[in-house]
Amino acid sequence: MKNSRRVLPRRGSSHSAEYEPLNGPDVPTEMHPGAIIEDEYDDGSSGAQDDSLPPFSWVDYGVFGFIGMAMLWAWNMFLAAAPYFASRFQGSPWIETNFQPTIMTVSTATSLATVLVLTKIQRTASYPFRIGCGLVVNVATFALLTASTALVLGASPRAYFAFVLAMVAATSVATGLLQNGALAFAASFGRPEYMQALVTGQSVAGILPALSEVLSVLLFPSHTERSGAAAAAAAEGKTSAFVYFLAAVVISVVAIAALVPLVRHHNRNVEYRIVHQDEITVSNADNDVQPGARKVVPMRVLFSKLRWLALGIILVFTTTIMFFPVFTAKIRSVQEPAERWQGGLFAPDAFIPLAFFFWNLGDFTGRLSTALSGARGGGGLGANSAHGGRPKLLFKFAALRIVQLPLYLLCNIGNRGAAVPSDLFYLFVVQVPFGFTNGWLCSRLMTSAGSWVDPGEREAAGGFMGLCLIIGLAAGSLLSFSVAGI
């Protein structure tokens, strides 16, 4: 019976086998009755459907985008709250100097260890459960951090530093759960657009904190003189930290609520495809796996199929994290006021987050451009990416991106003067393009992975690409110490 399924044409697909491509990724060719699916997804789904893919839903796309934002919100909140942490660590010179590298190291190491463990557990994995657990951990952690801005203010720097590192480790476990769960769950839908929604949502998590910090400095400037500047900065940092941490709680709670209909949509889609013996039933029969069981895919098998995509995503994030945060925190405006307390857009308190904003704006634009180019190509949002792109070419682009890095050396690093004395050059020629290439490559590499594996391996491929992403982050964090002295 199993062999007869391979030979005999299925109902409604008598002509499809005659036009099956000889090369390229293993893409199912059976058409899904669109009218029935559209009734199931009465939520604004795209009208034009690719016959080889499950139906596209804008609601699911939006939920995945929001989950992507929640995924990296914790990381960006810790960066945005740096002035507040500095005020709490006053009195301990070592902690004041090293708390940011320490936070980065603890975060990436914990996330990497978490994802390594989760990647080994495939057969019994419930990816929605992992997403939910990560969000619940974030709610509890940021609730504690929110409370810490008003309570135990007299704690010693060492005690508060230990508390912060514990919170960083907790949110890093949550990030690992979210990365592994969300990327695998998005891949299981069989729609590359949902993976693109995740990576776009991650870039939104970088834009909003930086923009809010710039606006807070401009809209509520401190008019105190030098003697009151430190106190004003501490008070402002406390308020900003409270808002940042509370926002993280709210975003995680909303993401938990949005996850419920997403799981229901996924379950209905799987049930429909099993009843009609489409790609999932066939792939399970071909692999002697019963419906509902998950195929375990060794990482060496995934790497053999995705090696150029995996190496590309590692290279992209290693390059980004190694240079971008270090130089962005050091480069000053060429129009910086003589005194820090004078404030304004060109003061470090506003200009540095402004530079982060422009980089993240480029990153967001790069990720979003892959969706728009797919929409212009027809067949629904991101349809072009369904064919998997050209992995070797994408890897070469990732390597070529290194030529952008010397541009940072032309800017005003450490207020020592700039070879090109222009803030516009720094923001629009250095930051925006470097962010754009990061976002475009990240989106293309991540969304292409599902097209180069079998349908039953998509979930494992999503988790594997998430592991490679975190490996890149960890490598970049460690290597950033080598350029910190520039």
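Structure first, text after, so check above.
To start, this report covers the structure provided alongside it. (Residues numbered from 1 in each chain as written. Predicted model: local features only at pLDDT ≥ 70, side-chain atom pairs only at ≥ 80, totals over all residues. Heavy atoms only, no water.)

This part is about the packing of helix H11 (residues 299-330) against helix H13 (residues 391-400). Relative to each other, H11 and H13 sit at 15 degrees, their axes nearing to 8 Å. Classified by the angle their axes make, H11 and H13 are roughly parallel. Read as a crossing pair, H11 and H13 show a hand that is left-handed. In contact with Trp308, Leu309, Leu311, Gly312, Leu315 and Val316 of H11, H13 contributes Pro391, Lys392, Leu394, Phe395, Ala398 and Ala399. Across the contact of H11 with H13, the residue classes tally to 10 nonpolar, one polar and one charged. (Axes fitted to C-alpha atoms, helices over the stretch in contact; angles between N-to-C directions. Helix = DSSP H or I, 4+ residues; strand = E, 2+ residues; numbered from the N terminus. Parallel < 35°, antiparallel > 145°, perpendicular 65-115°, else oblique. Left-handed = near helix turned anticlockwise from the far one by under 90°. Contact = heavy atoms within 4.5 Å. Nonpolar A, V, L, I, M, F, W, Y, C, P; charged D, E, K, R; others polar.)

Further remarks concern the pattern of salt bridges. All chains considered together, the criterion is met by four salt bridges. Among the salt bridges present, the one from Lys305 reaches Asp454, with a minimum N-O distance of 3.6 Å. A residue pair is termed long-range when its members are at least 10 positions apart, and Lys305 in helix H11 and Asp454 in the loop between helix H14 (423-448) and helix H15 (458-479) qualify at 149 residues. Residue Lys305 is classed as partly exposed on the basis of its relative accessible area of 32%. Across the pair Arg332 and Glu336 runs a salt bridge, and its minimum N-O distance is 3.4 Å. Overall, Arg332 belongs to the partly exposed group, its relative accessible area being 25%. (Salt bridge = Lys/Arg side-chain N within 4 Å of Asp/Glu carboxyl O. Buried < 20%, exposed > 50% of the residue type's maximum accessible area, 1.4 Å probe, protein only.)

So, on to a nonpolar patch on the surface. On the surface, Leu211, Leu215, Leu218, Leu219, Leu345 and Phe346 cluster together to form a nonpolar patch covering roughly 480 Å² of accessible area. For Leu218, a relative accessible area of 39% translates into the label partly exposed. (Patch = residues over 30% accessible without salt bridge, like charges linked within 9 Å, V, L, I, M, F, W, Y side chains within 5 Å. Areas by Shrake-Rupley, 256 points an atom, 1.4 Å probe, with all protein chains shown as cover.)

Here we come to helix H8 (residues 192-219). Residue pairs three or four apart in sequence face the same way in an α-helix, which turns once every 3.6 residues. For H8, which comprises 28 residues, the first-to-last C-alpha distance of 41 Å matches the rise-based estimate of 40 Å (1.5 Å per residue) to within 8%. Of all 28 residues in H8, 21 are buried; the element is thus mostly enclosed. (Expected span 1.5 Å × (residues − 1).)

Right, let's get into H13. Taken together, the buried positions of H13 are occupied by Pro391, Leu394 and Ala398. Around the axis of H13, the buried residues are gathered within 65 degrees of arc, so they sit on the same side. Exposed positions of H13 whose direction lies more than 90 degrees from the buried face are Lys392, Lys396 and Leu400. In the core, the buried residues of H13 are packed alongside H11 and H14. (Arc of directions from axis to C-beta.)

What the rule picks out here adds up to 20 aromatic pairs. On the basis of an interplanar angle of 50 degrees and a centroid distance of 5.9 Å, the ring pair of Phe89 and Tyr160 is categorised as tilted. Here Phe89, found in the loop between helix H4 (82-88) and helix H5 (93-120), pairs with Tyr160, found in helix H7 (residues 157-188); they are 71 residues apart in sequence, far enough to count as distant. Comparing Phe89 with Tyr160 shows no difference in burial state: the two are buried. Taking 6.2 Å as the distance between ring centres and 65 degrees as the angle between the ring planes, the aromatic pair formed by Phe397 and Trp440 counts as edge-to-face. Note that Phe397 is positioned in helix H13 and Trp440 in helix H14, a separation of 43 residues in sequence. A relative accessible area of 27% means that Trp440 is categorised as partly exposed. (Phe/Tyr/Trp six-rings, centres within 6.5 Å; stacked < 30°, edge-to-face > 60°.)

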